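Read off the chains here:
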Amino acid sequence: MGHLLVIESWVGSMSRLLPRAIREDGHEFTFVTRDLHHYLRPASAGDGPHPLLTARNIITADTNDTSALLARIEGLHAVLGFDGVVSSCDYYLPAVAHTARRLGLPGPAPEAVEAACRKDLTRRVLAEADVAGPRFAICEGAGDAAVAAGEIGYPLVVKPVDLCAGMLVRAVRDERELELACQALAAFPVNARGQDRTPVILLEELLEGPEVSVETVSFGGATHVVGVTDKSIGGAPAFIETGHMFPAGIEGALASETAETALRAVKALGLDQAVCHTEIKLTPDGPRVVEVNPRPAGNRITELVRHVTGIDLATACVDVALGRVPDLAPRATGVRSAAIAFLLPDSAGVLAGIEGAEAVRARPEVLELTLAEPGRSVRAATSNNEYLGHVMTADTEGGGARAYAERLLAELHPGYEPSAAVHA
């Protein structure tokens, strides 16, 4: 049995999948956070006990000050004895890597994780390694961005270098849209965890083509491809993930080329002892890397993989953190494809309810149906943070899971009441 240190977490699905994987493998964990109240939110129906109730210890520390955190954790390690360290929150992955190095525990190189978690550093590393990606420019401000845009040419994608879930990522088609996107970034100097943001703007050419992700596990100096997931994008000019299917519905040669591109990106960054989620655009000129995330995929992609292959990427994350060889052997599950489709708010107000839920829940192809409770304040979606829920489906015959999910999603109809602000 191992004792894991968990440094912060999301409040979404991985915040439950990771503790579940720790518990089901017979391990235990100590949770460290700077703000316990961030996690004390009502659970959805059917979620079961709050995952923090399964922690051996819950400790408060300044997780945003890495130097102070390392000193605190060294003292805790002397008393509690940790065997591995993990997080499911992108903003704390560098702290996890630094902690593993300080304590002599398994983990990826901090330099590799920092490069993967900063989109500007990722671009530089991959360009130097000749890994295919978009043309790009790293800009210090709006004026610098305007000059670089003239050199790359519109349309472009404007990105923050250190935010997640598609926040403030925008397609821009002219100087005015670029100016507005840069203003939005400047108006968001601190992330949701109280960390100062890097005031750097990343410009990229707008790549055309479908997007997929490659799920990999690296350990012992080798990277293993678990599979390729496809992705639906909506919400233009934002880039909101509206659904996924595993395995991706692409032909074998293209899937192999895509997987090889992801392997080259992971190797170029120097990532090992890590589960990675590498996003790739399938352009007319071939696969192009969008970003490399040194953690298991979000949006319940790990559950799609598990339903089809039997491979649990949350468990693999725990295994590599403990220095163990993960079980990546596919098993027959009876499911040929699994998909998820997300319900997005199309209006601002207070959620009154969602019609059609019971009929959808009764369908035999449904694996999960999770919906927001009435009373939640909502706004039209601008990132992956505003979902009203999802439907997950399975196809036991072939690649039809996406069609099932999208058809059933269309049967869900949210209703809204005006918010207090509207009444005012």
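Cut-offs used in this document
Residues numbered from 1 in each chain as written. Predicted model: local features only at pLDDT ≥ 70, side-chain atom pairs only at ≥ 80, totals over all residues. Heavy atoms only, no water. Core = buried A, V, L, I, M, F, W, Y, C linked by side-chain atoms within 4.5 Å. Buried < 20%, exposed > 50% of the residue type's maximum accessible area, 1.4 Å probe, protein only. Helix = DSSP H or I, 4+ residues; strand = E, 2+ residues; numbered from the N terminus. Contact = heavy atoms within 4.5 Å. Axes fitted to C-alpha atoms, helices over the stretch in contact; angles between N-to-C directions. Parallel < 35°, antiparallel > 145°, perpendicular 65-115°, else oblique. Nonpolar A, V, L, I, M, F, W, Y, C, P; charged D, E, K, R; others polar. Pairing = 2+ DSSP bridges. Salt bridge = Lys/Arg side-chain N within 4 Å of Asp/Glu carboxyl O. Phe/Tyr/Trp six-rings, centres within 6.5 Å; stacked < 30°, edge-to-face > 60°. UniProt positions renumbered as here; feature names shortened; annotations may be inferred. Disulfide = S-S within 2.5 Å.

Thoughts on the nonpolar core
Next up, step 1: Ranked by internal contacts, the top residues of the largest apolar core, which has 43 residues, are Leu-4 and Val-217.
Next up, step 2: Take this core: its biggest share by element is 7 residues, from helix 10 (residues 313–321).
Next up, step 3: Each residue touching Leu-4, except ones within four places of it in the same chain, is listed here: Ile-22, His-27, Glu-28, Phe-29, Thr-30, Phe-82, Gly-84, Val-85, Val-86, Val-318, Ala-321 and Leu-322.

Focus on unusual backbone geometry
Next up, step 1: Between Ala-236 and Pro-237 the backbone carries a cis peptide bond, its omega angle lying at 10°.
Next up, step 2: Mapped onto the fold, Pro-237 is located in the loop between strand 10 (222–234) and strand 11 (240–246).
Next up, step 3: A cis geometry characterises the amide bond from Phe-246 onward to Pro-247, with omega recorded as -5°.
Next up, step 4: Structurally, the position occupied by Pro-247 is in the loop between strand 11 and helix 8 (252–269).
Next up, step 5: One non-glycine residue, Asn-299, lies in positive phi territory at about 55°.
Next up, step 6: Structurally, Asn-299 can be placed in the loop between strand 13 (286–293) and helix 9 (301–309).
Next up, step 7: For Arg-300, which is not a glycine, the phi torsion comes out positive at approximately 60°.
Next up, step 8: For Arg-300, the position within the fold is in the loop between strand 13 and helix 9.

Brief notes about the packing of helix 4 (residues 110–117) against helix 5 (residues 119–128)
Next up, step 1: Closest axis-to-axis distance for the helix 4/helix 5 pair is 5 Å, and the angle between their directions is 105°. By the angle between their axes, helix 4 is roughly perpendicular relative to helix 5. Seen from helix 4, the contacting residues are Glu-114, Ala-115, Ala-116 and Cys-117; seen from helix 5, they are Lys-119, Leu-121, Thr-122 and Val-125.
Next up, step 2: A breakdown of the residues in the contact of helix 4 with helix 5 according to their chemical character gives 5 nonpolar, 1 polar and 2 charged.

Looking at the pairing of strand 10
Next up, step 1: Bridge analysis of strand 9 (residues 211–219) against strand 10 gives 9 bridges, and the strand direction is antiparallel. In the strand pairing of strand 10, Ser-218 is matched with Thr-223.
Next up, step 2: Pairing analysis gives 5 bridges linking strand 10 to strand 11, with the strands arranged antiparallel. Bridge pairing in strand 11 places Ile-233 opposite Glu-241.

As for the environment of Asp-319
Next up, step 1: Secondary-structure assignment places Asp-319 in helix 10.
Next up, step 2: You can call Asp-319 buried: its relative accessible area is 8%.
Next up, step 3: Placed 100 residues apart in sequence, Asp-319 and Phe-219 show a C-alpha to C-alpha distance of 9.6 Å.
Next up, step 4: When sequence neighbours within four positions are dropped, the list of residues in contact with Asp-319 reads Asp-25, Arg-324, Val-325, Pro-326 and Asp-327.

So, the pattern of salt bridges
Next up, step 1: Per the counting criterion, the structure on display carries 26 salt bridges.
Next up, step 2: In this structure, Arg-300 and Glu-368 form a salt bridge, with 2.7 Å as the shortest nitrogen-oxygen distance. Pair noted here: Arg-300 is in the loop between strand 13 and helix 9 and Glu-368 is in strand 16 (residues 366–371), with a separation of 68 residues, a long-range link.
Next up, step 3: Given the relative accessible area of 15%, Glu-368 is considered buried.
Next up, step 4: Taking the shortest distance from any N to any O, the salt bridge between Arg-379 and Glu-386 comes out at 2.9 Å.
Next up, step 5: Classification of Glu-386 as buried rests on a relative accessible area of 10%.
Next up, step 6: A cluster of three or more residues bridged by salt bridges with shared partners is formed by Arg-20, Arg-300, Glu-303, Arg-306, Asp-312 and Glu-368.

So, the packing of aromatic side chains
Next up, step 1: Inspection of every chain in the model, using the stated rule, returns 3 aromatic pairs.
Next up, step 2: Pairing Trp-10 with Tyr-91 gives two aromatic rings, centres 5.7 Å apart and planes at 70°, and the pair type is edge-to-face. Highlighted residues: Trp-10 in the loop between strand 1 (3–7) and helix 1 (14–24) and Tyr-91 in the loop between strand 4 (84–86) and helix 3 (93–103), separated in sequence by 81 residues.
Next up, step 3: What makes Trp-10 partly exposed here is its relative accessible area of 27%.
Next up, step 4: Judged by relative accessible area, Tyr-91 falls into the buried class, the value being 13%.
Next up, step 5: Ring plane angle 10° and centroid distance 4.2 Å describe the contact between Phe-342 and Tyr-387, whose orientation is recorded as stacked. Placement of the pair is Phe-342 in strand 14 (residues 337–343) and Tyr-387 in the loop between strand 17 (377–378) and strand 18 (389–395), with a sequence separation of 45 residues.
Next up, step 6: A relative accessible area of 12% places Tyr-387 in the buried class.

Focus on the UniProt feature "domain: ATP-grasp" (unreviewed entry) in the protein chain
Next up, step 1: The UniProt record annotates "domain: ATP-grasp" (unreviewed entry) at residues 123–322.
Next up, step 2: With 32% helix and 32% strand, residues 123–322 has its two end C-alpha atoms placed 30 Å apart.

With respect to the sheet that holds strand 13
Next up, step 1: As summarised here, the arrangement of the 8 strands in space is 13-12-9-10-11-14-18-16, forming an open sheet in which the pairing is antiparallel. In this open sheet, the two strands that pair with only one neighbour each are strand 13 and strand 16. Across the sheet, the mean angle from the axis of one strand to that of its neighbour is 25°, orientation sign disregarded.
Next up, step 2: Together, strand 9, strand 10, strand 12 (274–283) and strand 13 form the strand contacts of helix 8, whose direction differs from that of strand 13 by roughly 45°.
Next up, step 3: Across the sheet, helix 10 lies against strand 9, strand 10 and strand 12, angled at about 35° from strand 9, the strand it touches most.

Looking at the state of the cysteines
In a disulfide, the sulfur atoms of two cysteines are covalently bonded to one another.
Next up, step 1: If you walk through the whole model with that rule in mind, you get 0 disulfides.
Next up, step 2: For the unlinked cysteine Cys-276, the closest cysteine sulfur is that of Cys-117, found at 9.7 Å.
Next up, step 3: Judged by relative accessible area, Cys-276 falls into the buried class, the value being 1%.
Next up, step 4: Looking at the unpaired Cys-317, the closest cysteine sulfur is the one in Cys-276, lying at 9.9 Å.
Next up, step 5: Given a relative accessible area of 11%, Cys-317 falls into the buried group.

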